[in-house]
Amino acid sequence: MGSLSTVLAGNNFRAGVSVTAVLVVAFVVTGFLSSAYHRAGIARGHRHYEIGQALQRAGNLEGAAEEYRKALLFLPDEPDYRFSLCVALVELGKLDEAQSHLQDLLAVDPTNGLFNLMMARIDERRHKTSQAIDDFQRAVYGYWPRGKLQQRHAARWELVSLLQQQNRPNAVIGELLQLYANAPDDPEEKSKIGFLLLHYGATSDALNLFRELVRDHPRYVEAYHGLGQAQLNSGDYLSARRDFQRAAHLDPSDHDNLKLLALANSVLELDPSLPRLRASARLRRSHSILARVLRDLAACNAANVPQTASVAKPANNAEPAGSVAPSPPSPLQQQLNNAATLLNAKPTDLDQAALDMQDTAGQLWKDRSAFCPGKTPQDRPLELVLSRIAQ
Amino acid sequence: MTNATKWREWRHQLTLSETQRFLLLALLIGIFSGLLVVCFHICIDWVSWSTLGALSGRFRLVRLFVPALGATVAILLVAKVFPRAQGSGVNQTKAAIYTSNGYVPSSTIVGKFLSCAISIGMGNSLGPEDPSLQMGAGIASRLGRLFSLERSTMRLIAPVGAAAGIAAAFNTPITGVLFVMEEVLADWSATTVGSIVLAAVSSVVTMRTFLGNAPLFRIPPFQLTHASELLIYAAIGVVGGLLSPLFLWSIRETRKRLDELPHWTRYGLPAVGGFLTGVVGLWFPQVMGAGYDAINAALHGQFTWQVLIYLGLLKLLVTLFCFTAGTPGGMFAPVLFIGGMLGGAFGGLAHNWWPFPAASAEAYMMVGMGVFFAGIFRSPITSIFLVFELSASYVIILPVMIANTTAYLLSRRIMPTPFFKMLAQLEGLALPSAEEKRNFQPLHVEDAMHAVSSPMTSEPGMRLFPDEPLDAALRLLAVRPRIQVVSRIHPDEVIGTLSLADVHHAYGIQDEGGESGDKLRQSPRSTPA
C-alpha cells in the first residue's frame, strides 16, 4: 500500500500516505456500519417473520402476508420468508404474486421439492394441468429438506390424484409403484395403493403387494380382501375364495367381502375349466353357460334378439306355405341357430359337446356388443368365467 | 551503489506518467465512491427505519408530518451549512467540468450526504442516485486536488467520480459509464473512457462487498410471448413519449411559479411538499421515499393494474411537489418508479385485453422504466442498457429498444429542451447540453468549397481533403488566401478551392462589401467564373 501511494503521489508522498490511511479508516468504518446494518436488518426481518407466523397460526392470512413482505424487505434472500409468503398468498388466492415469488425461489434452487410442489399446486388451481403434472414430478423427484420428506410422499399422492383426474392410467400405475416402493410400514396406505393398482388393471403388481401385506400383517382384513380381489382378477378363483373366506373369518360383518365371496362361489360353481371335474359336470356347466349367455342377450335387448327364442326351438316353427324363400342367415343368426342346436342336442361325446358349447358361448359373448350396444353385462360370474375361458 | 541510490532509482522507475496516474486514481476514486455510497445507503435506510418504520401501526397519522420535518431539516442544512450542496447534482458536476476545472468543494459531499439521507429517509419522494453522482464527483475532485493533477486532467476527474457514484448507486456499472458519457461528457478519449470504466467497476465491486450481490430489483424471468407484443411495447413508448414532456413541462412551470414567491418561502416550500407526500402516503405509502421496495413488490405482482396507475400518477404528483420545492434528492428513482408503474399498468391491461398472448404485467414494468428514463433524461443508450443490466435479460433488449427510441424521439419533438438543460436554465446556469452537442454537426471542407467544373492537376504546396473539418482549413487560410481541395482517391486531382469568404459563408457570417461580400451572395458550391 505504501509503494502504491508513492507511485500515485509521485513527488507528493505525504498525500499518498494520507489517502492510504483514509482508505483504511473508510474500510473499517464502512465495515462496522454495514455489519451493524446487516445485524439490525436480520433482527427486524426475523421479528416480522415471527409476527407473520403467529398471525398465520391465528388464521389472519392477510396480516401474515403483510408481515412476511416486511420481513423480505430486510432479508430478501431468505428463502424461508419468501416461501412462507408464498404459502400465505396461495391460501389467500393471490396466485400471481405467489407464483412470482416462487419463480424467484426456483431461480436460485430449481430442484427444491417444496418449491416445485407449491408451484404445482398453483398451476393446478389455475387448471394448467400439464404444467402442474410437470411441477409435481419435479417436486417428487427433487430434493427435500431434512424433516420434510413426509411432504414428498404427500406430493406424490397429490400427483396420483391429478393423474387420476386426467385419466392417465399408466402414469398412475407408475407413481403408485413408486409410492409403494417408498411407502412407510403402514398397512392402510399399502392396501390403498394395492386397491388402486387393481382398479387400474395392474393385477400382478397388486397381487405381489397384497401377498407381501398378508405376510407382514396376517391379522389385517383388507390384505386378504385385496388379495382375494387380485386373485379373482387374475382368474384364480379357488385362491380368491380362500382369501375371501379368511377375510370373512377375521371380519364377518364386512358385507363387501361377503359379496365377493359369493361371487367367487358362483364363479366356481359355473366354471367348466376347473380341474378334476367329470365330463358330465363339465357339460352341464357348459350348457348352463351357453343358456345364461342367451338369456343375457335376450335380457339386454329383447327387440334385437327375438330370434333367440325362436331359434332355440327350430323344429316347432314350420314355415308358412307360400312364403317367400328366406334369405341366407347372417353370421350372427347362424351363431344363434348353432347355440340353439347345441342346447337341444343329445351329445355322444360329452367333452367335445362341452367344448363346442363353450366356444359358442364365448363367440356370442364376444359379439355381445352387436346385440346390446352400450350395455354392460349384469351376470358377473358368467362374465368372469367367459373371460377365463377366453384366456 | 548505496541503498539510498538504489531506492531513488527504484522510485524513479516506478514513477508513472500522468495517464497512468490518472487510471490508478480512477481505481481509488471508485473504491472511495463505493464506500461512500454504501454508507449513504445504510444511512437512508436507518433514517427510514427510525422514523417511518417506527411510526407504523397506531402512529400512522404521524406519517403525515415526517416527510415535512425531513424536508425542513434538509433544506436548512443546505441553505445554512452547506450552500454548495444545492441542486440536482448532475448539473453541478457538469458545471465543475465546464466552469471550474473539475473543482467540486468537499463540503458538497458532506452536505449532499446528510441532507439527502434525511430527506429521502424520511419519505420525501426523491432518489439517492443523483446525489451519489455528485458525491462521487466530489470525491474525485478532492483526490485530484490532493495529488496535484494538471488542470486538463482535473477537468476530467469529476466525470470519473460521477460514473463511480451512479454505478454504485444503481449497482449497474455499464449504466454508470454510459450515463456519464452520454449526459455529462459529450467528448471523450480512450483514457477518459478507461478511467470511467475502472472507477465504475471498482465502485460497484466495493459496494457489493458490503451490501451483497443482489440486484436493485428482483426481476421475474422475461420472455417475449408473441411477436405482436412489440406493438404494445411501441404503444408504451408513445405513452411515455407523451407523458414525459408533460412531466418536464409541469416541473418547469411549477418551478417558475415557485421562484416568483418571496425568498423566505424557500424554507417552507419543502415542508409543504413533504406534507403533501405524507398525505398521499397515508393511503399509498409506496410513493414515499425512493420507492424501490414498491417497485420490487409490483414486479412480484402485488398490485393490480388499477393500483399501478394510481401509484404511477400519485408518485408523479408527489415528486413534482418535492422536487420543485427544492427538497434535496434526485430524480432517477422517481422516474424509474413512475415509468415502471405506468408500464406495468399498461402491461396489465394488455394481458387482459390483447387478443394475442401477452406477457405478465411485470415484464412491461421494466420497459416502462426505460421508456420514462429515455423520455425525461434523453439518454437513449443509457436507458436501454439500464433496463438490460437491471433485468439481466437479453430478450428484453428488442422491446426496450423499440419503446425507448419511440419515447425519446417523441419526447424530444414535443419538448426539445432536455431535463438537465431545463434545470440548468432554471438554476441560472448556462451549461452545454450533451444531447445538443451530439446533434451539432461540424462543417467540413466540402460544405464550403467551390467545386471546379473540370478536374485540374494540383499544384505543390498546401492542400485540403474534402472531409477535413472546416476549422482545420482556417489555419491554412491564415497563410494563403485560397487553398486547393484534392480528392482522397486521386490526391493529384483538384476538385475544388476554398477561400476565407467561402468559410464565412458556410458559417453564415455576413461580410459587408468587398470580394467576400460579393461571393456570399453566390452559392458556395457554384463553380467560380
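Residues numbered from 1 in each chain as written. Chains lettered and ligands numbered in written order. Predicted model: local features only at pLDDT ≥ 70, side-chain atom pairs only at ≥ 80, totals over all residues.

Side note on the overall build of chain B
So the rule is basically this: A run of H or I in DSSP becomes a helix once it reaches four residues, and a run of E becomes a strand once it reaches two; helices and strands are each numbered from the N terminus. Whether a residue is buried, exposed or partly exposed is read from the other C-beta atoms within 10 Å of its own C-beta, which are placed from the backbone; 20 or more gives buried, 12 or fewer gives exposed, and intermediate counts give partly exposed. We call two residues in contact if the C-beta atoms placed from their backbones are at most 7 Å apart.
The number of helices and strands found in chain B is 23 helices and four strands. Within chain B, the fraction of its 529 residues that count as buried is 55%. Here the analysis covers contacts within chain B between residues at least 6 apart in sequence; of these, 77% occur between residues at least 24 apart.

Some thoughts on the overall build of chain A
A count of helical and extended segments in chain A gives 20 helices and zero strands. When the 391 residues of chain A are sorted by exposure, 34% land in the buried category. Summarising the internal contacts of chain A: among those between residues at least 6 apart in sequence, 52% fall at separations of at least 24.

A look at the nonpolar core
To be explicit about the condition: Throughout this description, the term nonpolar core refers to a group of buried Ala, Val, Leu, Ile, Met, Phe, Trp, Tyr and Cys residues whose C-beta atoms join them within 7 Å.
By size, the foremost hydrophobic cluster in this structure holds 152 residues, and its most contacted members are I29, A117, V160, A163, A200, M366 and V387 of chain B. Residue contributions to this core peak at 18 residues, all from helix α2 (residues 18-53) of chain B. When sequence neighbours within four positions are dropped, the list of residues in contact with V160 of chain B reads A26, I29, A140, S195, I196 and A199 of chain B. Among the nonpolar cores identified, the runner-up in size contains 77 residues, and L85, L102, L270 and L364 of chain A belong to it.

Some words on the domain arrangement of chain A
Residue and element names in this part refer to chain A. Convention followed: Delimitation of the domains relies on an automatic or database domain assignment. Side-chain classes are defined by residue name, with Ala, Val, Leu, Ile, Met, Phe, Trp, Tyr, Cys and Pro counting as nonpolar, Asp, Glu, Lys and Arg as charged, and the others, Gly among them, as polar.
Here chain A is partitioned into domain 1 (1-108), domain 2 (168-270) and domain 3 (279-314 + 329-390). Between domain 2 and domain 3, the contact holds five residues from the first and nine residues from the second. Class assignment of the residues belonging to the side of domain 2 that touches domain 3 gives a composition of three nonpolar, two polar and no charged.

Notes on the domain arrangement of chain B
With domains assigned, chain B is organised as domain 1 (16-211), domain 2 (236-436) and domain 3 (445-520). Averaged C-alpha coordinates put domain 2 of chain B and domain 3 of chain B at centres separated by 49 Å.

As for the environment of S454 of chain B
Counting through the fold element by element, S454 of chain B comes out in strand β1 (residues 450-457). Between the alpha carbons of S454 of chain B and I495 of chain B there is a distance of 7.8 Å; along the sequence they are 41 residues apart.

Digging into the confidence of the model for chain A
Residues and elements named next belong to chain A. Using the following cut-off: Predictor confidence is given residue by residue as pLDDT, running from a minimum of 0 to a maximum of 100.
Summarising the model, chain A shows a mean pLDDT of 83, and 87% of its residues fall at 70 or more. No element of chain A has a lower mean pLDDT than helix α16 (residues 307-312), at 44, and none a higher one than helix α4 (residues 79-92), at 94. Contacts for the low-pLDDT stretch residues 1-7, under 50 throughout, to residues beyond four places or in other chains number ten contacts. Note on residues 306-324: pLDDT under 50 across the span, and 14 contacts to partners over four residues away in sequence or across chains.

Focus on α4 of chain A
Residue and element names in this part refer to chain A. Condition: The span expected for a helix works out to 1.5 Å for each residue beyond the first.
When the terminal C-alpha atoms of α4 are compared, their 20 Å separation across 14 residues agrees well with the 20 Å that a helix rising 1.5 Å per residue should span. Against the buried residues of α4 lie α2 (13-57), α3 (61-74), α5 (95-108) and α6 (113-125). Backbone geometry just downstream of α4 places G93 in the positive-phi region, at approximately 85°.

Here we look at the environment of H38 of chain A
Residue and element names in this part refer to chain A. Structurally, the position occupied by H38 is in helix α2. We classify H38 as partly exposed; it has 16 C-beta atoms within 10 Å. Sequence spacing of H38 and F74 is 36 residues, and the spatial spacing of their C-alpha atoms is 8.5 Å.

Considering the packing of helix α5 (residues 106-121) of chain B against helix α6 (residues 129-146) of chain B
Residues and elements named next belong to chain B. Note the following rule: The convention used is that axes are lines fitted to C-alpha atoms, helices contributing only their stretch in contact, and that angles between N-to-C directions extend from 0 to 180 degrees. In what follows, roughly perpendicular refers to angles from 65 to 115 degrees, roughly parallel to angles under 35, roughly antiparallel to angles over 145, and oblique to any angle outside these ranges. Here is the rule for handedness: rotate from the far helix to the near one, and if that takes an anticlockwise turn smaller than a right angle the crossing is left-handed, while a clockwise turn gives right-handed.
The N-to-C vectors of α5 and α6 enclose an angle of 155°; their axes lie 8 Å apart at closest approach. Classed by the angle they form, the pair α5 and α6 counts as roughly antiparallel. For α5 against α6, the interelement crossing comes out left-handed. In this structure, α5 uses S106, T108, I109, K112, F113 and C116 to contact α6, whose residues at the interface are P131, Q134, M135, G138, I139 and R142. Its residues assigned to classes, the contact of α5 with α6 shows six nonpolar, four polar and two charged.

What about the environment of L196 of chain A?
All names here are of chain A. Tracing the backbone through its elements, the reader meets L196 in helix α10 (residues 187-199). By the C-beta count within 10 Å, which is 19 here, L196 ends up partly exposed. As a C-alpha pair, L196 and Y143 span 53 residues in sequence and 27 Å in three-dimensional space.

A few points about α6 of chain B
Residue and element names in this part refer to chain B. Here α6 contains 18 residues, and its C-alpha end-to-end distance of 26 Å stays within 8% of the 26 Å for a straight helix at 1.5 Å per residue. For α6, the tally of buried residues reaches 16 of 18 residues, placing the bulk of the element in the interior. With its phi angle positive at about 50°, S148 sits one or two positions after the end of α6.

Structural notes on unusual backbone geometry
Leaving glycine out, the prevailing phi sign among residues is negative, and the prevailing peptide bond configuration is trans. Positive phi, close to 65°, is recorded for H127 of chain A, a residue that is not glycine. Along the chain, H127 of chain A falls in the loop between α6 and α7 (129-141). Looking at H127 of chain A, the number of C-beta atoms within 10 Å reads 8, which means it is exposed. Positive phi values are uncommon outside glycine, yet N171 of chain B reaches one of about 60°. Note on placement: N171 of chain B falls in the loop between α7 (151-170) and α8 (173-184). Its 23 C-beta neighbours within 10 Å are what place N171 of chain B among the buried residues.

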